[in-house]
Structure formats: C-alpha cells, structure tokens
Amino acid sequence: MATVRIEEPGCRGCTLCADLCPVAVFALREGDGIATVVHAERCIGCLSCAYACPSGCIEVGDYLQLRPFHRIEGHAALMRRFLQEQPLADALTPADLEEAWSDVAARLRALAGTVTETIGSGYRAIGRRAGAMAAAHLPEMYEEAGLEQVLGGLRERFSYGFDFHLEGEAAVLDFRPCSLCKVVQSTGETVGQALLCHLFHEYWAGLLSAFVGTKYRYEVPVAGESCRMELRPA
Amino acid sequence: MSAKARVSIEWLSGCSGCELGIVDLHEKLLEVLDEIELVRIPILMDVKEYVAADVGILTGSIRTEHDRHAAREMRRLCKSILAFGTCPVYGGPHSSAYPHTTDELLDGAYRSNASTVTSEVPTDVPRLLAGNRPLDSEIEVDLYLPGCPPHPAFIFEALMSLVRGRAPGIGRHSVCFRCERKMVKTDRKTLRRAFEGEFDPEICFLSQGCLCFGSVTLDRCLAPCTKVGVPCFSCGGPSEPVILEPQKDVRSEVALRMSHLTQIPEAEIVAEIERQAKTHFAYAMASPVFRQKPTFLLKKWTQSPTPAGGTA
Amino acid sequence: MSRTIAIDPVTRIEGHARVEIELDDAGKVRSSAFKVMDFRGFETVLRGMQVEMMPTVTSRICGT
Ligand code: SF4
Ligand code: SF4
Ligand code: SF4
C-alpha cells in the first residue's frame, strides 16, 4: 500500500488534489477547506496530486510496488472504475487525434534538439537505456520463453503499423510506415539518418537486449516510406 | 578537537547580495564561525590570491573571461564547490540578456546610453563571453543552493551540513508552502497586474487574477514577498517538478492552478506568461533546464513584436 | 624611473575592480584609473520587463 501524507503547514486549500485524484483519496476539511488524506489505501500511485500541489506538500511514498497496476487484481478493478468514470476514449474525434499528433511531433522535435545540444554523441547510450527502462514496464514479456515468444508478445502490444518476425538469429522489424517518418520529414531530414531515427533504433536494441539478456546490434537496410530494422545478437 | 573547515569565497558576475545573505546570519554567524574558518572572502578580507580550502563558495554567474578563470582556480583549490545563490545555479537576473547579443548589451550600456557621457566601450577589462551562464557550464559543482539570496535559515543549514558531512534538511517545497495566503475559487474572469486595483492580503494572488510564480519556485526564501503584498517573481529558480519533469514548465503549471481557481481560460494565462517571459523567466533564463521543454522558445517569446504591457 | 602601481583586485568593496596609478620619473602621479571589471548589461536586460517588477529586479544590480 502506498503512503500519502500532507505536510503542514503547506496546504493552501486549492482543492487540486481532491479534484484530480482518480480514486478520491482526499477530502476537504469542513470550514477551512484544507485537504486531508482519508483513503490512503485506495492510492494507485499516479502522483497526480504530488505534481499538481502548488506547495509541493503532498508526499506519496512506497508507490513503486503498486506498479504495474494491471498485474494486481485490486488495482485492475480500480483502473476499470477509473476508466469507466472518465470515458475519455469515446470522446476523441479525428481532430483531437490530429492535434495530439502535432503535439507529439513538436515534443519529439524538441527532444531531438535538446539531445543534440546537451548530449551530443552520447545519444546512443540514452536511446539504449530508454529501451532497457521501457522493458521494465512490460514485465509480462519476461515470462515469455525465448525470442520468438517475446516477439509474439511485442507484436500483440504494438500491432499498429509494426511487424515483427524472426530470420534465423535476427529479429526483423518492419515499420510501414514508421510513425516517426512524418515527423522526420517535417524537419526536412532524411528518414533513417535523423537523430530521432537513431534514438528509436537504439531504443529497440535496448528493449530487446533487456528481454533476452544479450546485447543486440542493429542494421537498417531499408529506410523511407517503410523501414526495416534487423537486430542481431552482438 | 578537529581543525575547523577552511572556507574560501569568490564572487563572479553577481551583486554581492549573497555575501550579505551570509552576514544576515547575525548571531548565528558566530555558531558557524565555531566550525569554519574563512580563509578568503574579498568583501571582508584583503586576500588577492586563490587559496586551498575544504569548501569553495561561489556566488555570481559566468559572464566574463575572468569569471571563468576564477571558477577554474576555485575548483582546482577547493575540495568541494558550493554554487551559492541563483546566479551560479541558474544564471541570475541578468540571464534575461539571453535574447540579446553581447554587442547589443554593450551598445545599451555605453554607445547609445542617453544618461552617460562616454560612448566608448571600455578596453583593458576582462573580455565578455558569448552569453551569461550558470557555474556548472564551466566547472563541476558539488552542491547547489539557489535563492536570491537564499534565506539565512537555508544558508545556516547548508553550511552546517556541509562541514558536518550530513545531508542537508532543507526541503523540496515551493514558495506557496510558506505563503500564508489562502487559495480560494473565485469567479474572476480577467487577468490583472499587481498595480491594478486592490488585493486582499489574505487571499492568493492567483485567485485574484494576478500572476504569482510561488507554485513553480523552489522555496529558499520563506515567502517574504507575498507576505508584504508582492507576487512571487521566481528569484529562487524553478520548483522540483519543473526541474525534473520534461513536460512540466512554469507556464503550464501556473496556468493549471490559476484556471482551476478562477474563470480565466488556461490558454489566456499561458499566452500572458509568454508575453511577460522576460520578467518571469528572468532569473533562470540562462539555465539549460528551460531548453528541454516548450520553453526552448523563450528567445522567440521575449523578442516578440507585441510589447510586453498591461492588460488594462 | 616611471612605474605603474596596480591594485588588483581591489578588495573589501562590492564587486570587481582594479586601480592603476602611473608615476613619472620624479615619482609624481601622471595618471590614475579605476577600472570596473564586471558587466551584466542591466540597461538592456530591463527593457521589455514588467514595470511592477522594477523594484525587485533593479535591487539586484547591487545587493549591498
Ligand atoms: S498518487 Fe494519485 S491516486 Fe495516490 S493520492 Fe495522489 S492523485 Fe490519488
Ligand atoms: S493540492 Fe496541495 S495545496 Fe492544493 S488542496 Fe491539495 S494539499 Fe492543499
Ligand atoms: S501562488 Fe503566490 S500568492 Fe498564491 S499561495 Fe502561492 S505564493 Fe502565495
């Protein structure tokens, strides 16, 4: 169970935590409207409150054990409740998706710019590390025996626009088209050569290396409207 | 009894307010001096050379070639380096030079300055670097204590923990934590500036439609400004979430809170903060913290042709 | 013999400065200069800032 604590005298009574918490952990005290923790046991560790609080006075502890939520029946039930109460997915229109796309694209371009400016050639290590960290958030994959099953699992999870198959030792990933393609082209860079492409490839190498436990190297023999990436154990 | 820790202080491009911050320890200074020996402090002692020390305290930012040289000498001679004040940590108020070239700055100060008689740029002084930079752009820093200047309570805790080799207990709260104003929901529909109309001293500025940056500023000050009727202008630099999370930034966080408390649309608040960027990002504009978020557009905002002006 | 006396840096003041005094052969002062070493560009920095922030920003020109 996570711990949730409000540190005195920080609460300014803005009600953000009470309004944002998806599982109603907080209540506002009668009279002065100061937030109090009434149902810490419900906390799903989303940290919305801790980030939203203007004073930074909410401390959520021991929440890592709650992750991943979906693996614990009680939390899965909470998530279902959460999703039913806020049926966001139904309310999305094509215009929303277009807006989301341009927002993500802008962020990705910003990320590439920042990485170039601050990290330079160290970006490969960052991409790889990001892949390894993402692997930790897909724990069910660890239970898959062997590369083929891992790829099967990944195929299921990332079915949109990706295809994965094995050619001997090599894991072959086909992206048709890769979602980064449009982003990269919008900056006038060549698909396959852009920093974002390299980061993404390193990310996959990191992800697969973490699952299989061996270091993987990659090649990208085809890049453009569709890309092919081949990962081989180093 | 073990020997006192040797502390050496040097200032780079700053205002010396941080040195006064140390003096503001008042009688607590005696307690500090029981444990440390000041071996170099230019504002008090005539020591011209750099000397070996356990702790090197640097105030001010890196602006000139001399600053860079001084920082390197301090790093070479001191076992640990404390970046003391917002200038060495984030660049300080003159970070707002970010949208200008060095030549524009020199022009504004010497060549086309209406209030001075000289029109020549001085020579035989340390050359200016291309921009204003935080200390860790030049040397490795062991400890950071932002604040403009940091409140003596934090200075005391930082120095004592440093000489005693323990983790400082100085908190990760933002300024709202110590602000005594109450956040209440209001039906305010428009933004207003601090000089427009009366403000209730008990109620949060955001609730009253006035921008206040307390919620995105690290508390190293104990909120003196809002207690005397001045909205927080972020002299202590960004709060923890803004530093740590790429998707959180000063505009979005203030707008989230303010639109939650009032009827003012979030987008309007964001746009106003961008328009006033030169003021509200002033103290930390030189910091790479802001290059990693949508705030990488700071230069554009501060150069926008719309004059930063009132909302009236 | 002429010579130059330089005090660099001048300590126990606020900020960075150097004093140079040139003496002529007779030991008389030929010229003297007080040189200020730092420059932050406040004249330009303040332009375009909100007027209500002037008291707080300008007080950081010199903190002593
Ligand atoms: S972490 Fe999330 S679930 Fe837990 S109390 Fe905060 S808002 Fe609620
Ligand atoms: S978010 Fe923070 S300040 Fe706002 S009500 Fe909750 S505890 Fe209080
Ligand atoms: S936003 Fe400003 S006025 Fe409001 S609580 Fe925070 S520091 Fe105080």
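Just so we're clear, the structure is a prediction, and the values are computed from it rather than from any experiment.

Caption draft 1: Highlighting the overall build of chain C. When its secondary structure is counted, chain C shows 2 helices and 3 strands. The C-alpha radius of gyration of chain C comes to 18 Å, more than 25% above the 11 Å expected for a compact globule of 64 residues. Overall, chain C is about 55 × 20 × 15 Å in size when its C-alpha atoms are taken along their principal axes. For chain C, buried positions account for 39% of its 64 residues. Taking all contacts inside chain C whose residues are at least 6 apart in sequence as the whole, residues at least 24 apart take part in 6%. When the accessible surface of chain C is split by element, carbon and sulfur atoms take 56% of a total near 3,600 Å². Taken as two groups, the 9 positive and 9 negative side-chain charges of chain C have centres that lie 2 Å from each other.

Caption draft 2: Local environment of the packing of helix α9 (residues 250–261) of chain B against helix α10 (residues 266–275) of chain B. All names here are of chain B. Two elements in contact, α9 and α10, have axes whose closest approach is 9 Å; the angle formed by their N-to-C orientations is 140°. Relative to α10, α9 is oriented oblique. In the crossing of α9 with α10, the sense of the turn from one axis to the other is right-handed. Two secondary-structure elements touch here, α9 through R251, S252, V254, A255, L256, M258 and S259 and α10 through E266, I269, V270, I273 and E274.

Caption draft 3: Local environment of the confidence of the model for chain C. Summarising the model, chain C shows a mean pLDDT of 91, and 100% of its residues fall at 70 or more. For this predicted complex, the interface confidence reaches an ipTM of 0.90, while the overall pTM sits at 0.73.

Caption draft 4: Structural detail: the site of ligand 2. Around ligand 2, the neighbouring residues are C11(A), R12(A), G13(A), C14(A), T15(A), C17(A), A35(A), C53(A), P54(A), C57(A) and I58(A). Split by residue class, the shell around ligand 2 holds 8 nonpolar, 2 polar and 1 charged.

Caption draft 5: Representation of the nonpolar core within the structure. Residues and elements named next belong to chain B. By size, the foremost hydrophobic cluster in this structure holds 56 residues, and its most contacted members are L135, L206, L211, F213, I269, F281 and F290. Listing elements by their share of this core, those giving two or more residues are β3 (53–59), α3 (65–77), β5 (78–84), α4 (86–90), α9, α10 and α12 (298–303). Among the elements that make up this core, the one with the highest residue count is α9 (5 residues). Those residues in contact with L206, other than ones at most four positions away along the chain, are M183, L211, C212, V254, R257, M258, L261 and T262.

Caption draft 6: Here's a closer look at the pairing of strand β1 (residues 3–6) of chain A. Residue and element names in this part refer to chain A. Every second residue of β1 is oriented toward a common face, the buried set being V4 and I6 and the non-buried set T3 and R5. As defined by bridge partners, β1 adjoins strand β4 (residues 58–61) across 4 bridges and the pair is classed as antiparallel. Residue pairing across strands places T3 opposite G61, the latter belonging to β4.

Caption draft 7: Region of the structure containing the site of ligand 1. The local shell around ligand 1 consists of C21(A), V23(A), V25(A), F26(A), C43(A), I44(A), G45(A), C46(A), L47(A), S48(A), C49(A) and V60(A). Taken together, the residues that form the shell around ligand 1 break down as 10 nonpolar, 2 polar and no charged.

Caption draft 8: Up close: the packing of helix α2 (residues 28–35) of chain B against helix α6 (residues 152–164) of chain B. Residue and element names in this part refer to chain B. Between α2 and α6, the least distance of the axes is 10 Å, while the angle of their chain directions is 15°. Of the possible angle classes, the one that applies to α2 and α6 is roughly parallel. Here α2 and α6 pass one another in a crossing that is left-handed. Two secondary-structure elements touch here, α2 through K28, E31, V32 and E35 and α6 through F156, L159, M160, V163 and R164. Residues of the contact of α2 with α6, tallied by class, amount to 5 nonpolar, no polar and 4 charged.

Caption draft 9: Structural view of the environment of G61(A). Residue and element names in this part refer to chain A. You can see G61 is positioned in strand β4. Once the C-alpha coordinates of G61 and A2 are considered, the two residues, 59 residues apart in sequence, prove to be 5.6 Å apart. Apart from the residues lying within four places of it in its own chain, the contact partners of G61 are A2 and T3.

Thresholds applied
- Residues numbered from 1 in each chain as written.
- Chains lettered and ligands numbered in written order.
- Predicted model: local features only at pLDDT ≥ 70, side-chain atom pairs only at ≥ 80, totals over all residues.
- Heavy atoms only, no water.
- Helix = DSSP H or I, 4+ residues; strand = E, 2+ residues; numbered from the N terminus.
- Rg over C-alpha atoms; globule rule 2.2 N^0.38 Å.
- Buried < 20%, exposed > 50% of the residue type's maximum accessible area, 1.4 Å probe, protein only.
- Contact = heavy atoms within 4.5 Å.
- Areas by Shrake-Rupley, 256 points an atom, 1.4 Å probe, with all protein chains shown as cover.
- Lys, Arg positive; Asp, Glu negative; His and termini not counted.
- Charge placed at Lys NZ, Arg CZ, Asp CG, Glu CD.
- Axes fitted to C-alpha atoms, helices over the stretch in contact; angles between N-to-C directions.
- Parallel < 35°, antiparallel > 145°, perpendicular 65-115°, else oblique.
- Left-handed = near helix turned anticlockwise from the far one by under 90°.
- pLDDT = per-residue confidence, 0-100.
- Near = heavy atom within 4 Å.
- Nonpolar A, V, L, I, M, F, W, Y, C, P; charged D, E, K, R; others polar.
- Core = buried A, V, L, I, M, F, W, Y, C linked by side-chain atoms within 4.5 Å.
- Pairing = 2+ DSSP bridges.

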